[in-house]
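# A look at the structure
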Amino acid sequence: MTTSSSERGVSLGMPELPAPAYPDDVRARLETDAREVVARYPDSRSALLPLLHLVQAEEGHVTRTGMRFCAEALGLTTAEVTAVATFYSMYRRRPSGDYQVGVCTNTLCAVMGGDAIFESLQEHLGVGNGETTGDGKVTLEHIECNAACDFAPVVMVNWEFFDNQTPQSARGLVDDLRAGRPVTPTRGARLCTFKETARILAGFPDERDGAVAAGGSAGPASLAGLRLAKGETSPARVVHPRDGGPHDGAPERDVHEPSPTEHLSSHDAPQDTSASDPSHPSPTTTRDGGASPRPADSAGPTAEEGE
């Protein structure tokens, strides 16, 4: 008995069939939205990025049908659309969760505990990098730099910031997401789903009550350089070092306590510690350039101690 090449899973290099079109009612709705988007640009092809977000908002990822729609709306080839959709990591190519949880594992976040957070979430959720939980709620991934190094280690959910995280606080965050409890990021309005986020990124307003007014900005530490560039000065202050100890050689000053407006998320870890897993300590550097073990009292509480 012989088997066909398709039954054996062998590809003969035959071209794929054209992507199916959207149902008529969906296509009519998307065409109305697409016309609004395209009208914002002097050159229609400049609307490709927001249109990709628009079709991503429809299905939760960019499908072949979505790319066909974008191509037809802009007079492009599907190859041109595919080249863009596959270049940017913000466009998902396969079904994913309602909440995209990205853990920064770039250098600074990693040494401050990002690697420990990512490993903890993989074990807690039972998924690997780029995988989605069985309930379809959370897709976990490690990402390269969240551009918030002054609040390391940082986790992003649907592109919103959660600062100064620990393994324990990150596990609590994903548990709340899976349970459907309201979650507010460090800066900005309460989280919405990935599909809703994609529609906002396509250029349509966030219509939830209070969402626009709650929109945040960069944190105080991120804006310090901008104030200095403008010639603005502020009284000197001393913040808690991450090890909770005194500043060597620093004059006696009042210690700054972060105000509620500096940490708006109930999921932020305390700023005075990274609470990295003791099994992933970050070394300190000696004067001769060698590495010495991190002091035992500087690692902060462990996840188990904090539970």
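All values derive from a computational prediction rather than experimental measurement. (Residues numbered from 1 in each chain as written. Predicted model: local features only at pLDDT ≥ 70, side-chain atom pairs only at ≥ 80, totals over all residues. Heavy atoms only, no water.)

### What about a nonpolar patch on the surface?
A cluster of nonpolar side chains, contributed by L49, F87 and Y88, occupies part of the molecular surface with about 310 Å² of accessible area. In this structure, F87 sits in the loop between α4 (78–85) and β1 (99–104). Owing to a relative accessible area of 64%, F87 belongs among the exposed residues under this scheme. (Patch = residues over 30% accessible without salt bridge, like charges linked within 9 Å, V, L, I, M, F, W, Y side chains within 5 Å. Areas by Shrake-Rupley, 256 points an atom, 1.4 Å probe, with all protein chains shown as cover. Salt bridge = Lys/Arg side-chain N within 4 Å of Asp/Glu carboxyl O. Helix = DSSP H or I, 4+ residues; strand = E, 2+ residues; numbered from the N terminus. Buried < 20%, exposed > 50% of the residue type's maximum accessible area, 1.4 Å probe, protein only.)

### Thoughts on the confidence of the model for the protein chain
This prediction gives the protein chain a mean pLDDT of 79; 70% of its residues lie at or above 70. Taken as a whole, residues 272–277 scores under 50 in pLDDT and shows 24 contacts with residues more than four places along the chain or in a different chain. A low-confidence stretch, residues 280–307 stays under pLDDT 50, and its non-local contacts, those more than four residues away or across chains, total 36 contacts. (pLDDT = per-residue confidence, 0-100. Contact = heavy atoms within 4.5 Å.)

### Overview of unusual backbone geometry
Trans peptide bonds make up most of the peptide bonds, and negative phi angles are found at most residues other than glycine. That bond from A152 to P153 is cis: its omega, -5°, falls within 30 degrees of zero. Summarising the element assignment, P153 is placed in the loop between β3 (138–143) and β4 (155–157). Despite not being glycine, N158 shows a phi value in the positive range, around 50°.

### Notes on the pattern of salt bridges
Any two side chains of opposite charge can pair, on the condition that their charged atoms come close. Throughout the structure, instances matching the rule amount to 13 salt bridges. Between E36 and R40 there is a salt bridge whose closest N-O contact spans 3.8 Å. The partly exposed category is assigned to E36, whose relative accessible area is 43%. Where R208 meets D206, a salt bridge forms, and the shortest distance between an N and an O atom there is 2.8 Å. Residue class for R208 comes out partly exposed when judged on its relative accessible area of 24%. The class for D206 is buried, based on a relative accessible area of 19%. One salt-bridge network, in which partners are shared between bridges, spans R27, E31, R68 and E72.

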